[in-house]
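Each chain is listed here by its residues.
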Amino acid sequence: MSEYGAEGATIKRSSSAGSFIQKYFMEGQLVGEGREEHAADPYRRLKGVLMPAIFFHLVWWSYMIKHDLFHLFEEKYYMTITMVFGSMIAGATSEGGASVAFPVMTLAFAIKPAVARDFSFMIQSCGMTAAMFTIFYMGVMIEKRSFTYCSLGGFVGMIFGLEEIAPRMTPAQKKIGFVSIWFAFAFSLFWLNRNFGRHVHLSIQNFPGKHYWRAITLLVAGFIGGVFSSVAGSGIDICSFATLTLLFRISEKVATPTSVCLMAVNTVVGFAWRQFFMGGVEKESWEFLAVCVPVVVFGAPFGSVLGSYCHRLVLAAFVYVTDTVQIIAAYIIVNRNGKLDDDLIVTGVMCIVFGALFFTLFQYAGLYLLDNVDSERDDDSESNERYAKSSNDKTVQAFQELGP
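Figured I'd write up the structure that's included with this text.

Rules behind the numbers
Residues numbered from 1 in each chain as written. Predicted model: local features only at pLDDT ≥ 70, side-chain atom pairs only at ≥ 80, totals over all residues. Heavy atoms only, no water. Helix = DSSP H or I, 4+ residues; strand = E, 2+ residues; numbered from the N terminus. Buried < 20%, exposed > 50% of the residue type's maximum accessible area, 1.4 Å probe, protein only. Contact = heavy atoms within 4.5 Å. Areas by Shrake-Rupley, 256 points an atom, 1.4 Å probe, with all protein chains shown as cover. Salt bridge = Lys/Arg side-chain N within 4 Å of Asp/Glu carboxyl O. Phe/Tyr/Trp six-rings, centres within 6.5 Å; stacked < 30°, edge-to-face > 60°. Lys NZ or Arg CZ within 6 Å of the ring centre and 35° of its normal.

To continue, consider the overall build of the chain. A tally of helices and strands in the chain yields 16 helices and 2 strands. Taking all 404 residues of the chain together, the buried fraction comes to 55%. The contacts in the chain between residues at least 6 apart in sequence include a share of 82% that link residues at least 24 apart. Accessible area for the chain stands at about 17,800 Å²; split by element, carbon and sulfur atoms hold 66% of it.

Shown next, in the form of structure tokens:
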């Protein structure tokens, strides 16, 4: 039985020899409603990857030849190599390219956070938009209401953060705060997914909710994610992902491509605001962009294809691993540079603790919705049976004891 219940979606399955590989890495794509006929095209994945890549390469080659900038690879090749992996992670998971670029640039290569953030905006404006095109072209299912409302909230949050929040934070605070908050989320998601058979939805149930609270929640999540993105170049993707998976119990298989598309839109806003309303992005960011564009416009779309076939638990595992590696590396490198003082340690620990408490509340709220709201509208007996099984989880029972 599928853990998605009876919700309408078409899953296009692939064939493989190993049952383990087939279950977790070749589960098949969740195709959006009305896109079934398009999903039958055997070349749609190839076309979805090549079309945006060819477009960006035509522009890139024209610019590089005209200005003779190929010498930049001699000094900045390390970012080209980094973004080969970063772009694939960005397309396949809810972690944007900045989740790799920002910590690597600021921690490993001691590049200014402002340069790393601006570069993240710029490179994601290419790679993530290419991945978004691939997702749309393949017809992969996304949560459209989350995409719409979080985009609106993110637009405001990005501008507010760039103008008011980011200038007030020190470089070290940006580095440690970024990795600490999302480590807390990764742990919360891991704790939630210890119940492998938990019931998940493919779309937000009973939208927009009494007093439109679900719509308001998405707007707020987008705003907060936009603020995070203004500081580190990434944030609305993982913030949306957290809201969908923890609160609304959306499958990671739907939440991941949704977060990729959200980050694509939000990062274009950040790049445009920095370039046209704040005096322009950092000059060095353009040089990093020049050496990374040719790889990310292939890597991110290819990653989105790979991610669309993975089981939701594999996608969640990517989040656990990347966020854990980031926080360990951050503390080691900042300490090696002699900047890990007591105040910064306290800030990092507080971010983890309060982040964990916040995401835990999200979990309980989501369990309450599943137990007291969503199930009331589910008339399908098979889905109710699955839900009853998932409600045996101890955290559900603990929350029920607290009462509404």
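This paragraph deals with the pattern of salt bridges. Here the idea is simple: oppositely charged side chains can pair when their charged atoms come close. All told, the structure shown has 7 salt bridges when counted by the stated rule. Among the salt bridges present, the one from Arg117 reaches Asp118, with a minimum N-O distance of 3.3 Å. There is no split in this pair, since Arg117 and Asp118 are both buried. Of the charged contacts in the structure, one is a salt bridge between Arg168 and Glu164, with a shortest N-O distance of 3.2 Å. A single network of salt bridges, built from pairs that share partners, joins Lys76, Glu284 and Glu287.

Moving on, we come to the environment of Val295. Structurally, Val295 can be placed in helix α12 (residues 283-309). Look at Val295 and you get partly exposed, because its relative accessible area is 21%. Linking Val295 and Ser87, residues 208 residues apart in sequence, is a C-alpha distance of 7.8 Å. Val295 has contacts with Thr80, Met83, Val84 and Ser87, leaving out every residue within four places of it along the chain.

On to the packing of aromatic side chains. Enumeration according to the criterion identifies 20 aromatic pairs in this entry. A centroid spacing of 5.0 Å and a plane angle of 85° characterise the contact between Trp60 and Trp61, whose relative ring orientation is edge-to-face. Using a relative accessible area of 41% as the deciding quantity, one classes Trp61 as partly exposed. With a centroid separation of 6.0 Å and an interplanar angle of 90°, the aromatic rings of Trp60 and Phe70 are classed as edge-to-face. Of this pair, Trp60 sits in helix α3 (residues 44-67) while Phe70 sits in the loop between α3 and α4 (72-92), and the two are 10 residues apart along the sequence. Given the relative accessible area of 30%, Phe70 is considered partly exposed. A network of ring pairs unites the aromatic residues Tyr77, Tyr78, Phe109, Phe119 and Phe288 as a single cluster. Lying across the ring of Phe288, Lys76 places its NZ or CZ 4.4 Å from the centre.

All we've got here are geometric facts, nothing functional implied.
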